[in-house]
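Descriptive structure summary
Here is how the chains run, residue by residue.
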Amino acid sequence: LPKCFLVENVPDFVSGENKLEYELFIKSVEELGYFTETKILLASDYGVPQNRKRAFIIGWKSDIEGEFSFPEPTHFQHPVNGQKPKIGIAQALFGIDTKCINHVKRNHKPESIERYKTLAVGKRESKGRVDRLNPRLPGKTVIAGGKNGGGRSHLHPYEARTLTPRES
């Protein structure tokens, strides 16, 4: 068995409809001799330009010296006394190499582009379920799909288009 492990999952794994599976997992690894610690962290608190919450489960054997604690946040929405500000979308998108193979813009229909032009920053467009990202704030969670497939696109903060895979 490994001396330690790290599991990352959606927050609902530890507190939502999947809580029973989480409790079963914790029970089984503790029966194998692991100590565990679980915490939900917000990616933007650690310099990631995305407000993505994730559950982290750390497990370790008793023969590992020292104590474990989750890292304290490094970035703040309202920084004081030299704290680092959270990274906004504009800062994250600045300087992306346009020659990257995964930096391909989607070919939107003209009527979609016209709708996207009128959508204000921070607002959701009802027909296409897209959100115009606020350039000063971390982005929303990038969703690739869900129980019913699909996902949700985010609109570039300044252009009438969705983000490219590279931007996402």
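Data block above holds the structure.
Presented here is an overview of the structure given in this document. Note that residues are indexed from 1 along each chain, following the sequence as it is written. Note on the predicted model: pLDDT of at least 70 is required for a residue's local features to be given, and 80 or more for side-chain atom pairs to be given and counted; whole-chain, interface and lining totals, by contrast, use all residues. Side-chain figures throughout are based on the complete set of non-hydrogen atoms in the structure, without hydrogens or water.

For this document, the term salt bridge refers to a Lys or Arg side-chain nitrogen within 4 Å of an Asp or Glu carboxyl oxygen. Applying the stated rule across the entire model yields 11 salt bridges. Between Arg 124 and Asp 131 there is a salt bridge, and its shortest N-O distance comes to 2.8 Å. Each residue's exposure class comes from its accessible area (1.4 Å probe, protein chains only) as a fraction of the maximum for that residue type: buried when under 20%, exposed when over 50%, partly exposed otherwise. Residue Arg 124 is classed as partly exposed on the basis of its relative accessible area, which comes to 45%. Across the pair Glu 167 and Arg 161 runs a salt bridge whose closest N-O atoms are separated by 2.8 Å. Arg 161 matches Glu 167 in its accessibility class, with the two residues each being buried. Ionic contacts of the salt-bridge type, sharing partners, join the residues Lys 105, Glu 159, Arg 161 and Glu 167 into one network.

Two strands pair if DSSP finds at least two bridges between them. Comment: elements are numbered from the N terminus, with helices defined as DSSP H or I runs of at least four residues and strands as E runs of at least two. Pairing is mixed in the open sheet, where 3 strands are placed in the order 7-8-10. The sheet is open, and its two edges are formed by strand 7 (124-125) and strand 10 (154-155), each paired on a single side. Bridging between strand 7 and strand 8 (residues 130-132) involves 2 bridges; their strand directions are antiparallel. When the sheet's bridge partners are listed, Arg 124 is paired in strand 8 with Asp 131.

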